[in-house]
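# Summary of structural features
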Amino acid sequence: MLQAETLQLLCLTASSGVPLFSRGSTKQLPFSIVGSLNGVHMFGAGHGAQLSSCETDRGSRVVWEVFQESLMLIAVSGGGGSGISELQLRRLLENVWNCMVLVLGQDELANIRNVERLKRELRSCYRLFDLLLERVNDEQGFMGDLTQCADCLLPSTSALLQDALDSFAQAAESEFGCLLVRGRVAQATEKWWSRLTSQEVVVLSILMHSLSNASSCDYPVFLPQGSPTVAIRLLGFQLLPGVHVWVLCGPKPSLYKAENELVSRFWSTLVENLRSCLEQADRSTLPPSVNLRWDVQALLLINRESRRAVTVCPRVRGAAPAEATPLLSSGRRLELLRLFYTFAVTRYFTSQETSVSSASEDFSQGFTHVPVQCYLVTEECKCYGLQSPQHQLFLLMDLSVPTFALRTVATQTLSAITSATAF
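Residues numbered from 1 in each chain as written. Predicted model: local features only at pLDDT ≥ 70, side-chain atom pairs only at ≥ 80, totals over all residues. Heavy atoms only, no water.

### What to know about the overall build of the protein
In terms of helices and strands, the protein carries 13 helices and 16 strands. Whereas a compact globule of 423 residues would reach a radius of gyration of roughly 22 Å, the protein reaches 22 Å, a difference of no more than 12%. Projected onto its principal axes, the C-alpha positions of the protein cover 60 × 60 × 40 Å. Counting all 423 residues of the protein, 52% fall into the buried class. Counted over contacts in the protein with a minimum sequence separation of 6, partners at least 24 positions apart contribute 62%. (Helix = DSSP H or I, 4+ residues; strand = E, 2+ residues; numbered from the N terminus. Rg over C-alpha atoms; globule rule 2.2 N^0.38 Å. Buried < 20%, exposed > 50% of the residue type's maximum accessible area, 1.4 Å probe, protein only. Contact = heavy atoms within 4.5 Å.)

### Some points on the packing of aromatic side chains
Evaluated as defined, the whole model comprises 12 aromatic pairs. Between the aromatic rings of Tyr126 and Phe129, the centroid separation amounts to 6.3 Å while the plane-to-plane angle is 45°, which identifies the pairing as tilted. In this pair, Tyr126 and Phe129 both sit in helix H5 (residues 126-136), 3 residues apart, roughly one turn of the helix. Overall, the relative accessible area of 0% leaves Phe129 in the buried class. One aromatic cluster is present, formed by Phe340, Tyr341, Phe343, Tyr348, Phe349 and Phe394 through successive ring pairs. Between the NZ or CZ atom of Arg135 and the centre of the ring of Phe142, over which it lies, the distance is 4.0 Å. Just above the ring of Phe142 sits the side chain of Arg184; from NZ or CZ to the centre is 4.4 Å. (Phe/Tyr/Trp six-rings, centres within 6.5 Å; stacked < 30°, edge-to-face > 60°. Lys NZ or Arg CZ within 6 Å of the ring centre and 35° of its normal.)

### Brief notes about the sheet that holds strand E4 (residues 61-67)
Spatial strand order, E2-E1-E5-E4-E3: 5 strands in an open sheet with antiparallel pairing. One side of each edge strand has no neighbouring strand; the edge strands of this open sheet are strand E2 (19-23) and strand E3 (53-55). Averaged over all pairs of adjacent strands, the angle between strand axes in this sheet comes to 15°, irrespective of strand direction. When E3 meets E4, the two strands line up antiparallel, connected through 3 bridges. Residue pairing for E4: Ser53 is matched across the bridge by Val63. Of the strands in this sheet, strand E1 (8-13), E2, E3, E4 and strand E5 (71-77) are in contact with helix H2 (residues 86-104), which crosses E4 at around 35°. Relative to E2, H5 is tilted by about 45°, and along the sheet it contacts E1 and E2. (Pairing = 2+ DSSP bridges. Axes fitted to C-alpha atoms, helices over the stretch in contact; angles between N-to-C directions.)

### Thoughts on the pattern of salt bridges
If you walk through the whole model with that rule in mind, you get 16 salt bridges. Ionic pairing is found between Glu65 and Arg90, a salt bridge with its closest N-O pair at 3.3 Å. Remark: Arg90 occurs in helix H2 and Glu65 occurs in strand E4; sequence separation between them is 25 residues. The salt bridge involving Arg338 is made with Asp145; its shortest N-O contact spans 2.8 Å. Taken together, the residues span a long stretch of sequence, with Arg338 in helix H12 (residues 330-347) and Asp145 in helix H6 (residues 144-147) at a distance of 193 residues. (Salt bridge = Lys/Arg side-chain N within 4 Å of Asp/Glu carboxyl O.)

As structure tokens, then:
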């Protein structure tokens, strides 16, 4: 019987079921269970049935997915009320596959010539897999692995940084540039948002974050949708500890020229601005000009057009009335925010990418309209979701807020952020 205490990721060859790697729990699943997970999927496929997910009697959840008819990825979440949804596990498998393509290229994965060599090459992706597994229960506010939107920081000096980034990318003969602060996208060029898919932006951000200890980097990458078979150079430079600039480019410029000529030319005069970005990132993803209400415990704001997102989980709050409930820990608030996002997008704000048929509300089936607001009252907080053509807002609020006032708080919060940041 399957008893996985934590999240675990397995990869096997789709045709023969040869295990390629296992990441996650320190206690590896026995080979017999791995074989059973593969065997039951193959048995179903042999009888014309596609097994995509299941739950065990102990509360564990298993999700299977085959990519390019070559590799099978399996995600296993432990029981005991872990709260990891099927949507999270399916997004995890998609991100893992995209990371493998990003590092190794699609040809290497779709046409396996030597299993042992592929095992060795996949080790270069382990750090990315581990980061993805960590972010399923992340306490730093990263949500891109679930939302498929870039985790962003909204700096106060955005215009200066944007001009510097555009000029730096142009000098590096690139149209794709990004400024990363503490693992979040602070600025990016127009083509970075318009030409790269949201999945590519997410896995590139994870890769860049994993390489952040290097002072400079010249790394070949394959874009999972844009260039899965031809490698592109990813150049990165540390401007300050925690602040890096990255560009996707061709053979030129050389790493030496970019590091010794271009970096100082475009960024040396902006050191203080970059320091202020770092200080802001340690406090909040929003600029100081945005003042949130005391009863907002956490929020996730998504720009649906650019596929960008900001997550806010205040460490302290302003003066609260006597009836206010104690502030939950940041880790618990972020966990609840993930759960509410999953609840909303699989039941109400549905799309082809997020719909899970078993989760649809019965009364919503057959209606032609799409809900634009929803709310949920729990024992720990009150949640409100708001959707417009341009934005999605997911809000956690204090229990003392009257239920009839949730919509007002949500619309005020959305207006306060968008008017101050043009997000």
